[in-house]
Amino acid sequence: MELNEITITKAIIDRYFEKLRNHLDMDVAIVGGGPSGLVAGYYLARAGKKVVLYERKLSVGGGMWGGGMMFNEIVVQESAVGILEEFGVRCRKYEQNYYTADSVEAISTLISGAVKAGMTLFNCVSVEDVVMRSEQVTGLVLNWSAVQLAGLHVDPLAVKSKFVVDATGHDTEVVQVVQKKVPGKLNTPSGRLEGEKSMWSEKAETLTLENTREVFPGLYVAGMAANATFGGPRMGPIFGGMLLSGQKVARQLIEKCE
Ligand code: 48F
């Protein structure tokens, strides 16, 4: 049978618009498709929550692809190996408490697992602002990343969400915008973004989990964004904290959404 270009085009437009229209209002909107955001999305979707993840780049996955300095292996401590194994990522013991995985296998499997669990993914979309109602975050303001890259003056569109998760990594972009533009204080010691500190892997891994919480009404932080928000150090290419943080924020929000 002859293949018709117009049918191909219509299929893509129809399917994409269906996806977009069905996700203008959701339980949880996750900003950033690194390991913490993907794990959060997976557990939220598994719990039946309507969860959408927005990723600025064409390829989802954040900082996991390149392992450490492009050596494409990651390290995970024992407490987080179970999460990788639940997704089907193969882990190898290196020494007691140190496991490794191929970084490309790990991140591609996290992406696949989250989407197959029911998380909806929009890549090439940048979150440039939040929707607010008196001192509360109630949604996100979105634009095509290409619009930002080209510096075009194009107004964005908005979506509504019961909760937002900032999983944007080192840049903490959602918290930054809330600090700048939404009246009220952040739930941090100074009431402001504390900022990331230099590397201290062990401390950082513990703090990532502790710092995974609500930082402003309606806004949670996960992954490296949690540490940057609360003034924790960076940890380098050990990823257990990222995975456990995604799982923790999902658990917190599953309870909140009930
Ligand atoms: O940085 P990233 O991988 O976040 P993470 O889940 O994991 C951190 C680790 O990769 C690593 C580390 C652990 O050892 O320190 O850095 O905390 O992924 C963040 C994603 O968010 C996207 C960005 O492109 C990246 O893929 N992102 C950032 N800002 C925006 C955004 C935005 N405004 N809108 C959409 N996506």
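The coordinates are above.
Predicted, not measured: the structure shown is a model, and the values here were computed from it.

1. So, a nonpolar patch on the surface
1) Next: Taken together, the side chains of Leu3, Ile8 and Ile12 define a hydrophobic patch exposed on the protein surface, amounting to about 340 Å² of accessible area.
2) Next: By secondary structure assignment, the location of Ile8 is in helix H1 (residues 5–21).
3) Next: Owing to a relative accessible area of 47%, Ile8 belongs among the partly exposed residues under this scheme.

2. Some words on the site of the ligand
1) Next: Around the ligand, the surrounding shell holds 27 residues, and the nearest of these are Ser36, Glu55, Gly63, Met224 and Gly236.
2) Next: In the environment of the ligand, a nitrogen atom lies 2.9 Å from a nitrogen or oxygen atom belonging to the side chain of Glu173.
3) Next: Within the contact set of the ligand, an oxygen atom lies 3.5 Å away from a backbone nitrogen or oxygen of Ile238.
4) Next: With the chains in place, 92% of the 730 Å² that the ligand exposes on its own is no longer accessible.

3. What to know about the packing of helix H2 (residues 35–46) against helix H3 (residues 78–87)
1) Next: Where H2 contacts H3, the axes come no closer than 12 Å and their chain directions differ by 65 degrees. The handedness of the crossing between H2 and H3 comes out as left-handed. Every residue of H3 that contacts H2 at Val39, Tyr42, Tyr43 and Arg46 is listed here: Ile83, Glu86 and Phe87.
2) Next: Residues belonging to the contact of H2 with H3 are distributed by class as follows: five nonpolar, no polar and two charged.

4. What about the pattern of salt bridges?
1) Next: Applying the stated criterion across every chain yields a total of seven salt bridges.
2) Next: Ionic pairing is found between Lys162 and Asp27, a salt bridge with its closest N-O pair at 2.6 Å. Taken together, the positions of Lys162 in strand S9 (residues 157–166) and Asp27 in strand S1 (residues 25–31) put the pair 135 residues apart, joining distant regions of the chain.
3) Next: Under the relative-accessibility criterion, Lys162 is labelled partly exposed at 48%.
4) Next: Its salt-bridge partner being Arg56, residue Glu173 comes within 2.8 Å of it at the nearest N-O pair. With Glu173 in helix H6 (residues 173–181) and Arg56 in the loop between strand S2 (51–55) and strand S3 (73–77), the pair connects residues that are 117 residues apart, well separated along the chain.

5. Notes on the pairing of S1
1) Next: Of all seven residues making up S1, six are buried, and the element is well covered by its neighbours.
2) Next: Here S1 runs beside S9; their pairing, made up of six bridges, is parallel. By the bridge assignment, Met26 is partnered in S9 with Ser161.
3) Next: With four bridges joining them, S1 and S2 adopt parallel strand pairing. Considered in S2, the bridge of Val28 is made with Val51.
4) Next: As a crossover connection, the stretch from S1 through H2 into S2 is right-handed.

6. Brief notes about the sheet that holds strand S5 (residues 98–102)
1) Next: Taken together, the three strands give an open sheet; going across it, the order is S3-S5-S4, and neighbouring strands pair in antiparallel fashion. Two strands bound the open sheet, and with one partner strand each, they are S3 and strand S4 (92–95). The sheet shows a mean angle of 40 degrees between the axes of neighbouring strands, taken without regard to direction.
2) Next: Looking at chain direction, S3 and S5 are connected through five bridges and run antiparallel. Counterpart to Val76 in the pairing with S5 is Tyr99.
3) Next: Across the sheet, H3 is in contact with S3 and S5; its angle to S3 comes to roughly 120 degrees.

7. Some remarks on the packing of aromatic side chains
1) Next: Scanning all chains against the criterion turns up seven aromatic pairs.
2) Next: With a centroid separation of 4.9 Å and 80 degrees between ring planes, the pair formed by Tyr42 and Tyr43 is classed as edge-to-face. Here Tyr42 matches Tyr43 in class, with each residue buried.
3) Next: On the basis of an interplanar angle of 40 degrees and a centroid distance of 4.1 Å, the ring pair of Tyr42 and Phe87 is categorised as tilted.

8. Examining H3
1) Next: Along H3, the positions that sit buried rather than exposed are Ala80, Val81, Ile83, Leu84 and Phe87. Seen from one end, H3 has its buried residues packed into an arc of 160 degrees, which puts them on one side.
2) Next: Along its buried surface, H3 packs onto H2, S3, S5, helix H4 (103–117) and helix H9 (240–257).
3) Next: Just beyond H3, the residue with positive phi is Gly88, at close to 100 degrees.

Cut-offs used in this document
The residue count restarts for each chain, going from 1 along the sequence in the order it is written. Predicted model: local features are reported for residues with pLDDT of at least 70 only, side-chain atom pairs are reported and counted for 80 or more only, and whole-chain, interface and lining totals are derived from all residues. Hydrogens and waters are ignored; side-chain quantities use all the structure's heavy atoms. Residues qualify for a patch when their relative accessible area is over 30% and they have no salt bridge, like charges being joined within 9 Å and the nonpolar side chains of Val, Leu, Ile, Met, Phe, Trp and Tyr within 5 Å. Computed with the Shrake-Rupley method and a 1.4 Å probe, the accessible areas treat only the protein chains shown as cover for residues. One side-chain nitrogen of Lys or Arg within 4 Å of one carboxyl oxygen of Asp or Glu is enough to make a salt bridge. In this description a helix means any DSSP run of H or I spanning at least four residues, a strand means any run of E spanning at least two, and both kinds are numbered starting from the N terminus. Burial classification: accessible surface area is computed with a 1.4 Å probe over protein chains only, and a residue below 20% of its type maximum counts as buried, one above 50% as exposed, and the rest as partly exposed. If even one non-hydrogen atom of a residue comes within 4 Å of a molecule or strand, that residue is called near it. For the purposes of these results, a polar contact is taken to be a pair of N or O atoms within 3.5 Å, where, inside protein, one atom must be able to donate a hydrogen and its partner to accept one; residues adjacent in sequence count only when each atom of the pair is a side-chain atom. For every element, the axis is a line fit to its C-alpha atoms; helices are fit only across the contacting stretch, and the angle between N-to-C directions ranges from 0 to 180 degrees. Take the far helix as the reference: if the near one is turned anticlockwise from it by less than a right angle, the crossing is left-handed, and if turned clockwise, right-handed. Contacts between residues were defined by any pair of non-hydrogen atoms, one from each residue, lying within 4.5 Å. Note that Gly is not counted as nonpolar here; it falls among the polar residues with everything else outside the nonpolar set of Ala, Val, Leu, Ile, Met, Phe, Trp, Tyr, Cys and Pro and the charged set of Asp, Glu, Lys and Arg. Strand pairing is assigned whenever DSSP detects at least two bridges linking the two strands. A crossover gets the label right-handed when its path from the first strand over the helix to the second runs clockwise, viewed with the strands pointing away from the viewer. Pairs were defined over the aromatic rings of Phe, Tyr and Trp, the Trp ring being its six-membered one, requiring ring centres within 6.5 Å. Orientation was assigned from the angle between planes: stacked under 30 degrees, edge-to-face over 60, tilted for the rest. The directions from the helix axis to the C-beta atoms form the arc being described.

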